[in-house]
There are 2 protein chains.
Amino acid sequence: MIRLYGFWRSQATFRVRAALNLKGLAYEETMLDLDAGEQLTPQHLARNPQGAVPVLSIDDGPGLTQSMAILEYLEERFPKPPLLPADALGRARVRSLALLFAADHHPLVVPRVRKYLAEVLHLDDAQRAAWGQHWLREGLKAAEARLAVEPETGRYCHGEALSFADLCLTHHVLAARSARVEMAAFPTVSRIAEACLAVDAIARAQPLRQAGAPGRAA
Amino acid sequence: MIRLYGFWRSQATFRVRAALNLKGLAYEETMLDLDAGEQLTPQHLARNPQGAVPVLSIDDGPGLTQSMAILEYLEERFPKPPLLPADALGRARVRSLALLFAADHHPLVVPRVRKYLAEVLHLDDAQRAAWGQHWLREGLKAAEARLAVEPETGRYCHGEALSFADLCLTHHVLAARSARVEMAAFPTVSRIAEACLAVDAIARAQPLRQAGAPGRAA
């Protein structure tokens, strides 16, 4: 039995949820309300002392943490269909694109950083919104600069097969849209996000389709 | 021929440099002065449109980017000595610990974020120093909470063999010390950093031993 602990809005949980869907794996997801601090209960801290989601546990095994480490584990244990290319240089490119979103930009807009901006730096709403938009836009710029020119780019980030990079790209685009970032300058990134969202396994993983999202029961 | 483009102070370059040393691979490193903006020249942007280091190129092959993706590539192409455990759960733990430093905390203290804090938010020196110390300390807390209690912790992050996690931990500790973060609350992390720095291949990769560092010719 695969158990996922997540949150409807979490980018990192989205990546894992979409990978589970793409690999056709059945799982049960327990939603924590990060806005209400449910990630900081003793029960969840026992699963992940960092107090973050996602956490994935298979057959009551140890709680696995960090979305990119979980994706690598799923890829090793459930290799079909693959979410990494067959060649080492291709894997290096996919991992680099994935980390461009997941490591360089996503960590700047997570709840603990927003909290610091509000409570320590006393930034007002407009300044906090500008912060979020700035880093989402920087990520889009960096990705567009590569994806628009690198010959390996295809229907998806790397040729015609979905990969880790697409999962990271898709949620970044959803987050940018929801933060009202102007997308006209990022046609390649936008096109790939649309192609990904046309895949049912990815569409079903979307934040707004999860329990607890606006208009959905918790 | 392996060519590395780096910067003496760069955490991400340190990880790659230390891995190359540990695997006994010969390489030539070209140092860019990030403080002087040398990462934004057309020449470097052609290597990495993100304008960042490290970039690694083997036998004039494509420029590989993102330190964690480069480590995975080196591990696949030059597997001895291994820097990942032999079992899938062990690899998941090592990657998770590595990303705790590399993805959750390091991106908050890189030059482009410091620039935003100074130029857009107009934070003064004390506020910028407090920002850096806060996130370095949060990373140390999160790592200590895991490493002090998880049974897999040994001389290094994962048992008795060096891994990706140790490379990420070591530079985080060096950065925290250089930012004058009080280390007394992090005995396990500190002990592991000392064990790592006792390894010549890691000690040689240290920032202060690189060309361009204070007291060293560029």
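Everything below is about the structure shown above.
Along each chain, the written sequence defines residue order, and numbers are assigned to residues from 1. Each chain is given a letter, starting from A, and each ligand a number, starting from 1, according to the order in which they appear as written. In keeping with the predicted nature of the model, local features appear solely for residues at pLDDT of at least 70, side-chain atom pairs appear and are counted solely at 80 or more, and the whole-chain, interface and lining totals rest on all residues. Side-chain numbers come from the whole structure's heavy atoms, not from hydrogens or water.

Caption draft 1: View of the overall build of chain A. In DSSP terms, a helix is any run of H or I states spanning at least four residues, a strand is any run of E spanning at least two, and both are numbered starting from the N terminus. What chain A contains, in helices and strands, is nine helices and four strands. Secondary structure elements of chain A occur, N-terminal to C-terminal, as β-α-β-α-β-β-α-α-α-α-α-α-α. Computation of the radius of gyration draws on C-alpha atoms alone. For the globule rule, the value is 2.2 Å times the number of residues to the power 0.38. The globule rule puts the C-alpha radius of gyration for 218 residues at 17 Å, and the 17 Å found for chain A is close to it. The classification of residues rests on relative accessible area computed with a 1.4 Å probe and restricted to protein chains. Under 20% of the type maximum is buried, over 50% is exposed, and intermediate values are partly exposed. Out of the 218 residues in chain A, the part that is buried amounts to 59%. Contacts were defined at the residue level, with two residues in contact if any of their heavy atoms lie within 4.5 Å. Relative to all contacts within chain A whose residues are 6 or more apart in sequence, the contacts with residues 24 or more apart total 65%. A total of about 9,000 Å² of accessible surface is found on chain A, and carbon and sulfur atoms cover 54% of it. Asp and Glu count as negative and Lys and Arg as positive, but His and the ends of the chain are not part of the count. Lysine's charge is taken at NZ, arginine's at CZ, aspartate's at CG and glutamate's at CD. Counting 25 positive and 24 negative side-chain charges, chain A places the averaged centre of each group 1 Å from the other. Surface accessibility in these figures is a Shrake-Rupley result with a 1.4 Å probe; residues are shielded only by whichever protein chains are displayed.

Caption draft 2: Examining the state of the cysteines more closely. In this description, the term disulfide denotes a pair of cysteine sulfurs within 2.5 Å. In total, this model carries zero disulfides over all chains according to the counting rule given. A disulfide-free cysteine, Cys168(A) has its sulfur positioned 8.7 Å from the sulfur of Cys157(A), the nearest such atom. With no disulfide of its own, Cys157(B) lies closest to Cys196(B) among cysteine sulfurs, the gap being 6.5 Å.

Caption draft 3: Molecular detail of the sheet that holds strand β2 (residues 28–31) of chain A. All names here are of chain A. By this definition, two strands are paired if DSSP reports at least two bridges between them. Here four strands make up an open sheet; going across it, the order is β2-β1-β3-β4 and the pairing mixed. Each of the sheet's edge strands pairs with one partner strand only, and the pair in question is β2 and β4 (64–65). Across four bridges, the pairing between strand β1 (residues 2–6) and β2 is parallel. Residue Gly-6 lies in a different strand from β2, and its bridge partner there is Met-31.

Caption draft 4: Representation of the interface of chain B and chain A in the model. Between chain B and chain A, the residue contacts involve 38 residues of the former and 38 residues of the latter. Two parts placed together each lose some accessible area; with a 1.4 Å probe, that loss summed over both constitutes the buried area. Carbon and sulfur atoms make up 67% of the surface buried where chain B meets chain A, a total of about 3,600 Å² over both sides. What counts as a salt bridge is simple: a side-chain nitrogen of Lys or Arg found within 4 Å of a carboxyl oxygen of Asp or Glu. The tally of links between chain B and chain A comes to six salt bridges. Linking Arg91(B) and Glu76(A) is a salt bridge whose minimum nitrogen-to-oxygen distance equals 2.8 Å. Think of a polar contact as two N or O atoms within 3.5 Å of one another; within protein, one of them needs to be a possible hydrogen donor and the other a possible acceptor, and neighboring residues in sequence only count if both atoms come from side chains. At the boundary of chain B with chain A, the tally comes to twelve residue pairs in polar contact (both at pLDDT 80 or more). Every element with two or more residues in the side of chain B that touches chain A is listed here: β4 (64–65), α3 (67–77), α4 (88–102), α5 (111–119) and α6 (125–147) of chain B. Each residue belonging to the side of chain B that touches chain A can be placed in one class, and the counts come to 24 nonpolar, seven polar and seven charged. Three residue categories are used. Nonpolar comprises Ala, Val, Leu, Ile, Met, Phe, Trp, Tyr, Cys and Pro, charged comprises Asp, Glu, Lys and Arg, and polar comprises the others, including Gly.

Caption draft 5: Fine view of the pairing of strand β2 (residues 27–31) of chain B. Residue and element names in this part refer to chain B. Relative to β2, strand β1 (residues 2–6) runs parallel, the two being bridged by five bridges. Within the sheet, the bridge partner assigned to Gly-6 lies in β2 and is Met-31. In this fold, β1 hands off to helix α1 (residues 11–22), which returns the chain to β2; that crossover is right-handed. If the strands point away from the viewer and the path from the first strand over the helix to the second runs clockwise, then the crossover is right-handed.

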